[in-house]
Amino acid sequence: MSVKEKTLIIEVVSSDQQSITTTDDTMCSSQGRDSEYSTVQEQLLEFMEKLSSILTELKDDKRVIMTTSTPIQKAIESLEADFSRAKALLENSQFSPAHDEQHIQVQVIVQNLARALGLVLFASHDVVEISNKVEIETLRKEMMKMSSINKPSLIMSSDESEFSSYGREIVEEEDDQITLDVDDVVVQIKYSDDENLKCALHGLNTLVLDGMITNERIHQEDMIPVLFNRLSSSKADHRLIILRILKALVAQDDEHKEKMAEMGNLSILVKSLGRDLEEQKEAVGLLVSLSDVASVKRRVGRIQGCIVMLVAIFNGDDQMASHDAANLLNSLSGNTQYALHMAEAGYFKPLVHYLNQGSDMSKILMATALSRMELTEQNRASLGQDGAIEPLVKMLTTGNLESKQSSLNALHNLSASKANVQCLIRSGIVATLLQLLFSVTSVLMTLREPASAILAKIAAQSEAGIVLVKQDVAQQMLSLLNLTSPVIQCHLLEALNAIAARPNASRVRRKMKEKGAVRLLLPFLTESHNTKIRNGALNLIYILSNDMKGGELMEQLEEMHLNTLICVVSSSSITDDEKAAAIGILSNFPVSDKNVTDVFMRANLLPILISILMSCTPTTSRLLAENIAAILIRFTLPSDKKLQQFSADNGVINALVKLLTCGSIVAKSRSAASLAQLSQNSLALRKSRKSRWFSCTPPHPTDAFCQVHACHCSTRSTFCLVKAGAVPLLVEILQGNEREGDEAALTCLATLLQDEIWENGSNFLVKMSCVQPIIKNLEEGISLKAQERSLWILERIFRVEAYRVEYGESAQVVLIDLAQNGESLLKPTVAKLLAQLELLQPQSSYF
């Protein structure tokens, strides 16, 4: 047989080896032996007949004939050769199984035939499915059983001593066969190509598991380095077998661990951690088995990518592999550097353990590393859940300066997570932070920056920031603004903005204004080097100005400050957020203050605002559009027709209509308010234009006849809502789900129903499908003024009988409900409408 064929029969040899031992029955009689020999001949003849049939089927099997596998072809050839030898023996005229020598020959032939059958079975594995596989296996077992039971009795008498000697030679030959098979396996594993390697590996695996190869032989043949060499270059399925062999070797002898613990072997093994799931599972299991060797703990963590891959496996779906990875990581965590690598890879338990129970230097090392890590929100939350915050706070409150510095910076990193802020509050850190912030001790002043940064994070969290509001620290923070570095100023302004912006912080805002916060912040508006400081100051002044009434804001800001704010608005290098805050401050000045309006006009503010608004995109700051809409109310006051005309000439109506299409509900509401102010004067402008038209030239060809105002209207000449295309957009507000803009939209639509034009206005609003949205608003509206406007509009529309008939039925349910359950201020108008619908007598007590 070839080397490969011998390799393939190893499992057969190992499984049946017990049946090939020498039987020494020296007490058999000659008569019994003759009967036994006759039986042997009959069994051999029976086996030969079955083998002939099997060989014929194999040769006729197209799948076997067409296969390209060399081992299976050689296996069949080997079976044919053994069959021919057996046939020749039977045909020999001098053959007599009564002779012990020929009897032993029969046994050897039967044994070889059985092995050849086994070789065919093994060679066909993973190559082709043999149709008569069960029949072959049954025959092989019968032949092996026969060769075991019917061995000759070797009687140690003088006249049979030559047979005894021959029998010993057979036994020794069988032992040599086993040794030769191991040799073949070793040779093939060392030198064979991939095609033959798999069979050799299966063979070695069987030998190791069955204890048929000694540890001494493993060491003698240097099998562990050979296997690792193969592991580094073999295919995936080969690597899997090698890893299982190595695990079996580790389980049998601790000396094998020392061999595997060499750096080169570990590096090869670590590569398997990054491959497919099954290989990962075997590799991490083997590493766990080796982890009790001290050198493995020292070396494996230094291999590039090892810890990262172990963490990935730990986070994977395979529970067994994850468990093994966790055990290995914990085993390696005794090294502080490895613990840091694990934390960088997202496995934080060892780091938290050192923070809790490590030496002072270990705690500082971990905290310092934690402060420098780039953590995701999930990482930060995980650290908080694992218990990192409590020991860090303890280091801050009880440690030396180095401990305080490292822990404070680490806490600053963790405070970026919303989940951790509540934990920080519960730890009682706020008092310590404030103490550090207001400390005048030179040694502790270096801790101000991280302390102020953490306070800013706490203030920014919706629930946690309440603590700072209640402790009333805003005044103390304000007092530090001019006494600290720019970095601390940024953090303080961030915290002050978060505190002051809270709805429940009205008392804090009032105290800040009383202490002169606005004047304290004004110098920061001209800050050019640090835009964060300027932005923080602008936002805080804006927040405080929202609560200022009447001329209170004008008392705080002079004309020079207004010009500074306008410069911020007009600058191309300023962000939208800063512009939004600056415009918001300007919009909070009373609209009736003529002096402020004059300042705005001299600074040419309106064209700047229109330009910004017309260039807005969907990504533009929402607050910027809202605040521009707010300040435009000043430029459209109905009492100043000259200012209205100036605004219209600069395109304010187009800008307001644009806000109706793409602004927030707040911006839409403010836009509608400005349009309503302009539309109030449309009727008066119509009359003045009529007189000019009759006495002078015909109207401009671009002026189209207006269905409501019954004249040639335009947006610039008469501020006409109809020509501006605003009415459908106002109706959309009423149809929407947000109710904040209803009152302004209804007020704007009501300007089309003035006494002189109410009928034209009613026709147009009905044409624009306004009635049903108004009825719906009357039912759902949350604003009393919006309900008043809705009733007023319906009363005008229902003056037309056709509209009473069309919409009266849908309106009456709502009107009756309002008559019974609505506000008392609404009842007179409701009664008027019910009378229009003939549901109530005109002399009713509702009037």
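Residues numbered from 1 in each chain as written. Predicted model: local features only at pLDDT ≥ 70, side-chain atom pairs only at ≥ 80, totals over all residues. Heavy atoms only, no water.

S.K.: Break down the overall build of the chain for me, with residues and values.
M.R.: Check the secondary structure of the chain and you find 52 helices and 2 strands. Expressed as a percentage of the 847 residues in the chain, the buried residues total 52%. For the chain, contacts bridging at least 24 residues in sequence account for 71% of all contacts bridging at least 6. As presented, the chain carries roughly 38900 Å² of accessible surface, and 50% of it is formed by carbon and sulfur atoms. (Helix = DSSP H or I, 4+ residues; strand = E, 2+ residues; numbered from the N terminus. Buried < 20%, exposed > 50% of the residue type's maximum accessible area, 1.4 Å probe, protein only. Contact = heavy atoms within 4.5 Å. Areas by Shrake-Rupley, 256 points an atom, 1.4 Å probe, with all protein chains shown as cover.)

S.K.: I'd like to hear about the pattern of salt bridges, residue by residue, with values.
M.R.: The final tally for this structure, using the stated rule, is 23 salt bridges. For Arg239, the salt bridge is made with Glu279, and the minimal N-O distance between the two is 2.8 Å. Of the two residues, Arg239 sits in helix 12 (residues 236–252) while Glu279 sits in helix 15 (residues 277–290), which places them 40 residues apart along the sequence. The burial state of Arg239 is the same as that of Glu279; both residues are buried. (Salt bridge = Lys/Arg side-chain N within 4 Å of Asp/Glu carboxyl O.)

S.K.: Tell me about helix 38 (residues 605–614), residues and numbers included.
M.R.: Residues of helix 38 that are buried: Leu605, Leu606, Leu609, Ile610, Ile612 and Leu613. Along the axis of helix 38, the buried positions cluster into a sector of 160°, meaning they face one direction only. Against helix 35 (559–570), helix 36 (576–587), helix 37 (594–602), helix 39 (622–632), helix 40 (641–649) and helix 41 (652–662) lie the buried residues of helix 38. (Arc of directions from axis to C-beta.)

S.K.: A description of the packing of aromatic side chains should follow, citing residues and the corresponding values.
M.R.: What the rule picks out here adds up to 1 aromatic pair. Judged by centre distance (4.9 Å) and plane angle (75°), the rings of Phe314 and Tyr347 are edge-to-face. In this pair, Phe314 sits in helix 17 (residues 306–314) while Tyr347 sits in the loop between helix 19 (336–344) and helix 20 (349–357), placing the two residues 33 residues apart along the sequence. Among the residues examined, Phe314 registers a relative accessible area of 23% and is labelled partly exposed. In this structure, Arg799 packs its charged tip against the face of Trp758, placed 5.1 Å from the ring centre. (Phe/Tyr/Trp six-rings, centres within 6.5 Å; stacked < 30°, edge-to-face > 60°. Lys NZ or Arg CZ within 6 Å of the ring centre and 35° of its normal.)

S.K.: For the nonpolar core, give the residues involved together with the corresponding values.
M.R.: Core analysis: the biggest nonpolar cluster contains 180 residues, and Leu351, Met512 and Leu586 have the highest contact counts within it. No other element matches the 9 residues that helix 30 (residues 486–500) contributes to this core. Once you skip the residues sitting within four places of it in the chain, Leu586 turns out to touch Leu562, Leu565, Ile566, Val569, Phe600, Leu605 and Ile631. Ranked by size, the runner-up nonpolar core spans 56 residues in total, among them Ile213, Met223, Val296 and Ala325. (Core = buried A, V, L, I, M, F, W, Y, C linked by side-chain atoms within 4.5 Å.)

S.K.: Can you break down helix 19 residue by residue, with the values?
M.R.: Where helix 19 is concerned, the buried positions are Tyr338, Ala339, Leu340, Met342 and Ala343. Buried positions along helix 19 lie against helix 16 (294–300), helix 17, helix 18 (319–332), helix 20 and helix 21 (360–372). One side-chain oxygen of the residue at the start of helix 19 lies 2.8 Å from the amide nitrogen of Gln337, identifying that residue as Asn335. Phi turns positive, to about 100°, at Gly346, one or two residues after helix 19. (Polar contact = N/O pair within 3.5 Å; in protein donor to acceptor, adjacent residues only side chain to side chain.)

S.K.: Account for the packing of helix 35 against helix 36, with residues named and values stated.
M.R.: Contact geometry of helix 35 with helix 36 gives a least axis separation of 8 Å together with a crossing angle of 145°. As helix 35 packs across helix 36, the resulting crossing turns out to be left-handed. Residues Leu562, Leu565, Ile566, Val568 and Val569 of helix 35 form the contact with helix 36, whose participating residues are Glu578, Lys579, Ala582, Ile583, Ile585 and Leu586. Of the residues assigned to the contact of helix 35 with helix 36, the class counts are 9 nonpolar, no polar and 2 charged. (Axes fitted to C-alpha atoms, helices over the stretch in contact; angles between N-to-C directions. Left-handed = near helix turned anticlockwise from the far one by under 90°. Nonpolar A, V, L, I, M, F, W, Y, C, P; charged D, E, K, R; others polar.)

S.K.: Could you give me a rundown of unusual backbone geometry, with the residues and numbers involved?
M.R.: Despite not being glycine, Ala710 shows a phi value in the positive range, around 55°. Inspection of the secondary structure assignment puts Ala710 in the loop between strand 1 (704–705) and strand 2 (712–713). Although it is not a glycine, Ser769 sits at a positive phi angle of roughly 60°.

S.K.: Kindly report on the environment of Phe47, identifying the contributing residues and their values.
M.R.: Mapped onto the elements, Phe47 comes out in helix 3 (residues 30–60). On the accessibility criterion, Phe47 (4% relative accessible area) is buried. In this structure the C-alpha to C-alpha distance between Phe47 and Arg140, which are 93 residues apart in sequence, comes to 9.5 Å. Apart from residues no more than four positions distant in its own chain, Phe47 is found in contact with Val110, Leu139, Glu142, Met143 and Met146.

S.K.: So what's going on with the environment of Thr636? Which residues, and what values?
M.R.: Mapped onto the fold, Thr636 is located in the loop between helix 39 and helix 40. Residue Thr636 is classed as buried on the basis of its relative accessible area, which comes to 0%. When the C-alpha atoms of Thr636 and Phe646 are compared, they prove to be 9.2 Å apart, with 10 residues separating the residues in sequence. Only 3.3 Å separates the side chain of Thr636 from the backbone oxygen of Ile633, close enough to count as a polar contact.

S.K.: I'd like a description of the side chain of Gln677, backed by residues and values.
M.R.: Along the chain, the position of Gln677 falls in helix 42 (residues 665–679). Once residues within four sequence positions are removed from consideration, Gln677 is found in contact with Ile633, Thr636, Leu637, Pro638 and Gln644.

S.K.: Would you mind going over the environment of Val288 in detail, with residue names and values included?
M.R.: Structurally, Val288 can be placed in helix 15. Here Val288 falls in the partly exposed class, since its relative accessible area comes to 23%. Taking C-alpha positions, Val288 is 9.3 Å from Leu329, a pair spaced 41 residues apart along the chain. Apart from the residues lying within four places of it in its own chain, the contact partners of Val288 are Asp324 and Leu328.

S.K.: I'd love a proper account of the packing of helix 42 against helix 47 (residues 742–750), names of residues and values included.
M.R.: Between helix 42 and helix 47, the shortest axis-to-axis distance is 8 Å and the interhelical angle comes to 20°. The angle between the axes of helix 42 and helix 47 places the two elements in the roughly parallel class. When you trace helix 42 past helix 47, the crossing you get is left-handed. Of the residues in helix 47, those touching helix 42 at Ser669, Ala672, Ala673, Leu675 and Ala676 are Ala744, Ala745, Thr747 and Cys748. Here the contact of helix 42 with helix 47 is built from residues that sort into 7 nonpolar, 2 polar and no charged. (Parallel < 35°, antiparallel > 145°, perpendicular 65-115°, else oblique.)

S.K.: Break down the side chain of Arg230 for me, with residues and values.
M.R.: With respect to the helices, strands and loops of the structure, Arg230 is situated in helix 11 (residues 223–233). The exposure class of Arg230 is buried, given its relative accessible area of 10%. Among the polar contacts made by the side chain of Arg230, one reaches the main-chain carbonyl oxygen of Ile189 at a distance of 2.7 Å. Not counting residues up to four positions away in its chain, the partners in contact with Arg230 are Gln188, Ile189, Lys190, Tyr191, Ser192, Asp194, Leu197 and Ile242.

S.K.: Break down the confidence of the model for the chain for me, citing the residues and quoting the values.
M.R.: Of all residues in the chain, 83% have pLDDT values of 70 or greater, and the mean over the chain is 82. The spread of mean pLDDT over the elements of the chain runs between helix 2 (residues 10–16), the lowest at 37, and helix 42, the highest at 96. Below a pLDDT of 50 lies the segment residues 1–32, which in the model reaches 72 contacts outside its immediate sequence neighbourhood of four places, other chains included. The low-confidence segment residues 691–702, where pLDDT is below 50, has 4 contacts with residues more than four positions distant or belonging to other chains. (pLDDT = per-residue confidence, 0-100.)

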